[in-house]
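Below, each chain spelled out in residue letters.
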Amino acid sequence: MNDLKLASFKDLIKNRRSVRSFTKESVDVHLIEEVMEAVKFSPTPTNRQCFKFIGVSDPLMIEEIRQEVLLSTEKIASNLDEERSKSFREYAQWFSFFNKAPIVLFAFFRFFSSRLPTSEKKGASIEGVAELQAFGGAIHGLLLGLEAVGLSACWMSGPLVAEEKILSKLKIERPWRLGAVIPVGYTDSKPAVPKKPEFSAIFQWSE
Ligand SMILES: Cc1cc2nc3c(=O)[nH]c(=O)nc-3n(C[C@H](O)[C@H](O)[C@H](O)COP(=O)(O)O)c2cc1C
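All figures in this text were calculated on a predicted structure; none of them were measured in a lab.

(A) Local environment of the sheet that holds strand β2 (residues 103-109). Reading across the sheet, the 4 strands line up as β1-β2-β4-β3 and stay open at both edges, with antiparallel pairing between neighbours. Every other strand in the sheet has two partners, leaving β1 (51-56) and β3 (152-153) as the edge strands with one partner each. Pairing geometry for β1 and β2, over 6 bridges, is antiparallel. Residue pairing in the sheet places Phe51 in a bridge with Phe109 of β2. This element, helix α6 (residues 129-148), spans β1, β2, β3 and β4 (177-185) of the sheet and lies at about 160° to β2.

Written out as structure tokens, the structure is:
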């Protein structure tokens, strides 16, 4: 067993935190590109490319997108009764802080047509799920890569309330879908580790 490799792996995976505020320090775009070059090696179903990213560093563009998220959030909130609207607004405060980072990565996924025979499609859990699994795997790889180069980030799905507007601003067309928004930058202080499950809750040997 390579102890050094195992220690680095554990260090990366355990120390990565969702970071929601960033210093003003700019990020060398080459660092992002280095990490992306590795993310390219993530597994995908039948090796078909089902994810891609766009990096945005223009603060004006980031702010325009943030405004779209705020508008969409407000639209949802205004259609709810008072109590549910209040609780949704509280939750939605976590949808729009990505403008605090110097770089925002937009992550897209797409589905491919199924190779299952039609009779087998209904209810089959492979349907449409495989590409999303690969997308999630790639995002985690990305977060670990960013951690490895000293950068912090947050995997955000809240901004997806404005998916259509964001796709249009970034000139991305179907079949691509927006899957995540990831602010990236440097943090002064890492957040505390939130409560994580007991080992036995996530892993057991079959008896
Ligand atoms: C699919 C997904 C979507 C998430 N969306 C958001 C989000 O919109 N806003 C946010 O502040 N955090 C978001 N998070 C981060 C989680 O809140 C965070 O991972 C969780 O609280 C555990 O904290 P940790 O990442 O520091 O271990 C998201 C995480 C995942 C995996």
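The structure having been displayed, the exposition proceeds.
(B) Spotlight on the packing of helix α3 (residues 59-78) against helix α4 (residues 82-92). It is the contact of α3 with α4, at a shortest axis distance of 9 Å, that shows an interaxial angle of 160°. By the angle class used here, α3 and α4 are roughly antiparallel. Two packed elements cross with a definite hand, and for α3 against α4 that hand is right-handed. Contact residues: α3 offers Thr73, Ile76 and Ala77, while α4 offers Ser85, Phe88, Arg89 and Ala92.

(C) Focus on the nonpolar core. Phe51, Val104, Phe106, Ala107, Ala153, Ile182 and Val184 are the most contacted members of the largest nonpolar core, which totals 40 residues. Listed by contribution, the elements that provide at least two residues to this core are α2 (29-39), α3, β2, α6 and β4. If sequence neighbours within four positions are ignored, Val104 has contacts with Val56, Ile62, Phe98, Val181, Ile182 and Pro183.

(D) Spotlight on the packing of helix α1 (residues 3-15) against α6. Packing of α1 against α6 brings their axes to within 9 Å, and their N-to-C directions diverge by 105°. One finds that α1 runs roughly perpendicular with respect to α6. Judged by residue contacts, Leu12, Ile13 and Asn15 of α1 engage Leu144, Glu147 and Ala148 from α6. In terms of residue class, the contact of α1 with α6 is made up of 4 nonpolar, 1 polar and 1 charged.

(E) Up close: the environment of Lys165. Along the chain, the position of Lys165 falls in helix α7 (residues 163-169). Lys165 sits 142 residues away from Thr23 along the chain, and the two C-alpha atoms are 28 Å apart. When neighbours within four sequence positions are excluded, Lys165 is seen to be in contact with Glu68 and Ser72.

About the criteria used
- Residues numbered from 1 in each chain as written.
- Predicted model: local features only at pLDDT ≥ 70, side-chain atom pairs only at ≥ 80, totals over all residues.
- Pairing = 2+ DSSP bridges.
- Helix = DSSP H or I, 4+ residues; strand = E, 2+ residues; numbered from the N terminus.
- Contact = placed C-beta atoms within 7 Å.
- Axes fitted to C-alpha atoms, helices over the stretch in contact; angles between N-to-C directions.
- Parallel < 35°, antiparallel > 145°, perpendicular 65-115°, else oblique.
- Left-handed = near helix turned anticlockwise from the far one by under 90°.
- Core = buried A, V, L, I, M, F, W, Y, C linked by C-beta atoms within 7 Å.
- Buried ≥ 20, exposed ≤ 12 C-beta atoms within 10 Å, placed from the backbone.
- Nonpolar A, V, L, I, M, F, W, Y, C, P; charged D, E, K, R; others polar.

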